[in-house]
Each structure stands twice: as C-alpha cells, then as structure tokens.
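# Understanding the architecture of this molecule
The primary structure of each chain is shown beneath.
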Amino acid sequence: MEVLLLNGSPHVHGCTARALEEMKKEFAENGVEVTELRVGNSPVRGCIACHSCAKSPEHHCVFSDDVTDQVIDAAIRADGIVVGSPVYYAGPNGALTAVLDRTFYAAGRQLAFKPAASICSARRAGTTATLEAINKYFLMSNMFVVGSSYWAMVHGNTAEEVEQDKEGLQTMRNLARNMTWAMDCFSAGEGVGFDKPFVERSAQTNFIR
Ligand SMILES: Cc1cc2nc3c(=O)[nH]c(=O)nc-3n(C[C@H](O)[C@H](O)[C@H](O)COP(=O)(O)O)c2cc1C
C-alpha cells in the first residue's frame, strides 16, 4: 500500500509536519509506503480555468513550475491520500487551496474511490471549518473520507507545543490506522470481485433559472 501525505504548510518542521510525522510512524509500522510532498513557500499559481488539463494525457496542469503536477502524479499512484494544513483565517492555507483546486480540476476523476483524510493544525480556532474545506475536494470526487477518534487536528504554534497535545497526536495515530485499514479493505475487495461502481456522468445541469 502507498499513501500520499501532502503538507500544506510553508514550515518544514512546523505543527502540521509534526502531526503528519505521527501518522508516518504508524504507517511505517503497518508496512505502508509513504510519499511526502510539501506545498512549501515558493509561489503557487491559482487555477486560471484554461481547461488545458482536460487535454493532458497525464492530467497535468498548464503550470508546471510548482508542486501541483507532482501532487497529481503521486495522488493518482497512491492507494490513499492525506492532506494537512495550518489554519489560516479559519480555512486552509491559500497556497494549498490553489494546489488542491488545480489537482482536483485536472485529475479529480482519477482519484475516485480512494480513501482520503484531512488534518489541520491551529493555534486556537477555525479547525473544523478547515477540515470541512479540505474534505469538500474528496466528497465531490467519489472519494471516501476517513475519520478518527476525534476531529483530526493538533493545537500549537510550534512543533514543541504540538508535542504537548497528547490527544491530538493520538488522533493522528488512530487516523493512520484507520486509513491503513480502509486501503487494505478496498484492495482486498477488488481482489475478490468487488469492482469499483459505475459513475453516471451524462447529466450536467447548470443553475440557469
Ligand atoms: C496568516 C495566518 C493566519 C492564521 N490564522 C489562524 C486562525 O484563524 N486560527 C488559529 O487558530 N491559528 C491561526 N494561525 C496560526 C497557525 O494556524 C498555527 O500556528 C499553525 O499551527 C501553524 O502550523 P504550521 O507550523 O504547520 O505552519 C494563523 C497563522 C497565519 C500565518
């Protein structure tokens, strides 16, 4: 099994990284291979709705100078996806949002039926709104959102502060185990004839009146 961990924070050793680290340890114990990508702190373009991605055989974005195409490739390859973000004004980091817009517009259909989870880190508030914003990418892409023993969040301004959030880290470990179980079950199901369901797409009605 392979899981993609996408860190939406600009901080290499920040709070989101600490939370994902806790999941990584659990994945390693369960024999799950981890691909880690970071949005980082380089400029990231927003989606310009050019629809070039629809013509790309690799489902790549027209902009190839940031992490988005790497995210697309890794997400298509992975059996499951975890997206983490720091909370910025009660929502995900803007650069991460731009990467997710472009990833799902370009390759959302390729990610269908994969288990996915969102996590976040915050000093204080805006956490469930952030998780909800990330989960929306999964929920309209035929993906399955995996939960944990509490909202998948850690609290702190630094990784050292997150270290003190014992319940937050416990929630990360439980989430990694749940993700592993979901990926194993989906794979086993396909192995015994539970093929992925057919997705109807013929109707697309815009709200024009
Ligand atoms: C632009 C900006 C906006 C922020 N907004 C919030 C917020 O709405 N609520 C909150 O609790 N923390 C907020 N924070 C604090 C971060 O969410 C918090 O420090 C987080 O744990 C940092 O994670 P990181 O180290 O992985 O980047 C904000 C930080 C920045 C830079």
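Up top is the structure.
Each residue is numbered by its place in its chain's sequence as written, counting from 1. Reporting of local features is limited, given that this is a predicted model, to residues whose pLDDT is at least 70; pairs of side-chain atoms are given and counted only at 80 or more, and all residues count toward the totals for whole chains, interfaces and linings. With hydrogens and water stripped out, all remaining heavy atoms of the structure feed into the side-chain values.

## Here we look at the packing of aromatic side chains
Think of it this way: a Phe, Tyr or Trp ring, Trp meaning its six-membered ring, pairs with another when their centres are within 6.5 Å, and the plane angle makes it stacked under 30 degrees, edge-to-face over 60, tilted otherwise. Taken as a whole and assessed by the stated rule, the structure comprises three aromatic pairs. Considering the side-chain rings of Phe 104 and Tyr 137, the 5.4 Å spacing of their centres and the 45 degrees angle between planes classify their relative orientation as tilted. Here Phe 104, found in helix α3 (residues 94-107), pairs with Tyr 137, found in helix α4 (residues 127-139); they are 33 residues apart in sequence, far enough to count as distant. Partly exposed residues are those whose accessible area sits between 20% and 50% of the maximum for their type, while under 20% is buried and over 50% is exposed, using a 1.4 Å probe and protein chains only. Classification of Phe 104 as buried rests on a relative accessible area of 12%. Note on Tyr 137: relative accessible area 16%, which makes it buried. Feature note: the residues Phe 104, Tyr 137 and Phe 138 constitute an aromatic cluster, connected by ring pairs. Numbering of helices and strands starts at the N terminus; helices are DSSP runs of H or I of at least 4 residues and strands are runs of E of at least 2.

## Examining the site of the ligand
The rule for a residue being near a molecule or strand is that one of its heavy atoms must lie within 4 Å of it. As a matter of local geometry, the ligand sits amid 17 residues, with Ser 9, Thr 16, Val 87, Arg 124 and Asn 157 nearest to it. Ser 9 is positioned such that a nitrogen or oxygen atom in its side chain is 2.6 Å from an oxygen atom of the ligand. When the ligand is considered free in solution it has 650 Å² of accessible area, and contact with the protein chains removes 77% of it. Those elements that place two or more of their residues in the shell around the ligand are α1 (15-29), β3 (80-88) and β5 (115-122). Residue contributions to the shell around the ligand peak at three residues, all from β3. Classification convention: Asp, Glu, Lys, Arg as charged; Ala, Val, Leu, Ile, Met, Phe, Trp, Tyr, Cys, Pro as nonpolar; all other residues, Gly among them, as polar. In the shell around the ligand, the residues fall into eight nonpolar, seven polar and two charged. By the criterion applied in these results, polar contacts are pairs of N or O atoms within 3.5 Å in which, for protein atoms, one can donate a hydrogen and the other can accept it, and in which residues neighboring in sequence qualify only through two side-chain atoms. Each accessible area is a Shrake-Rupley estimate made with a 1.4 Å probe; only the visible protein chains count as cover when residues are assessed.

## Describing the side chain of Asp 69
Here Asp 69 lies in helix α2 (residues 68-77). For the charge count, each Lys or Arg is scored as positive and each Asp or Glu as negative, with His and the chain ends excluded. The working definition used for a salt bridge is a side-chain nitrogen of Lys or Arg within 4 Å of a carboxyl oxygen of Asp or Glu. Buried charge without a partner: Asp 69 forms no salt bridge, and the closest opposite charge is Arg 102, 5.8 Å away. At 2.9 Å, the side chain of Asp 69 forms a polar contact with the backbone nitrogen of Cys 61. Residues are treated as being in contact if the distance between any of their heavy atoms lies within 4.5 Å. Other than its neighbours up to four places away in sequence, Asp 69 contacts His 60, Cys 61, Phe 63 and Ser 64.

## Brief notes about the pairing of β3
Of all nine residues in β3, eight are buried; the element is thus mostly enclosed. Relative to β3, strand β1 (residues 2-7) is paired through five bridges, and the arrangement is parallel. By the bridge assignment for β3, Asn 7 is matched with Gly 84. Two strands qualify as a pair provided DSSP detects at least 2 bridges between them. When β3 meets β5, the two strands line up parallel, connected through six bridges. Bridge pairing in β5 places Val 82 opposite Ala 117. Here β3 runs beside strand β4 (residues 91-92); their pairing, made up of two bridges, is antiparallel. From the neighbouring strand, Tyr 88 faces β4, where its bridge partner is Gly 91.

## Concerning the pattern of salt bridges
Oppositely charged side chains can form a pair if their charged atoms are brought close together. In this structure the tally under the stated criterion is eleven salt bridges. For Glu 22, the salt bridge identified is with Arg 173, shortest N-O distance 2.7 Å. You can see Glu 22 sitting in helix α1 and its partner Arg 173 sitting in helix α6 (residues 166-191), a full 151 residues away along the chain. Overall, the relative accessible area of 27% leaves Arg 173 in the partly exposed class. Residue Asp 66 pairs with Arg 102 through a salt bridge whose shortest N-O separation is 2.8 Å. On the criterion of sequence distance, the pair formed by Asp 66 in the loop between β2 (33-38) and α2 and Arg 102 in helix α3 is long-range, its members being 36 residues apart. Arg 102 shares its class with Asp 66; the two are buried. A single network of salt bridges, built from pairs that share partners, joins Arg 18, Glu 22, Lys 25, Glu 163 and Arg 173.

Any functional reading would require information beyond the geometric quantities listed.
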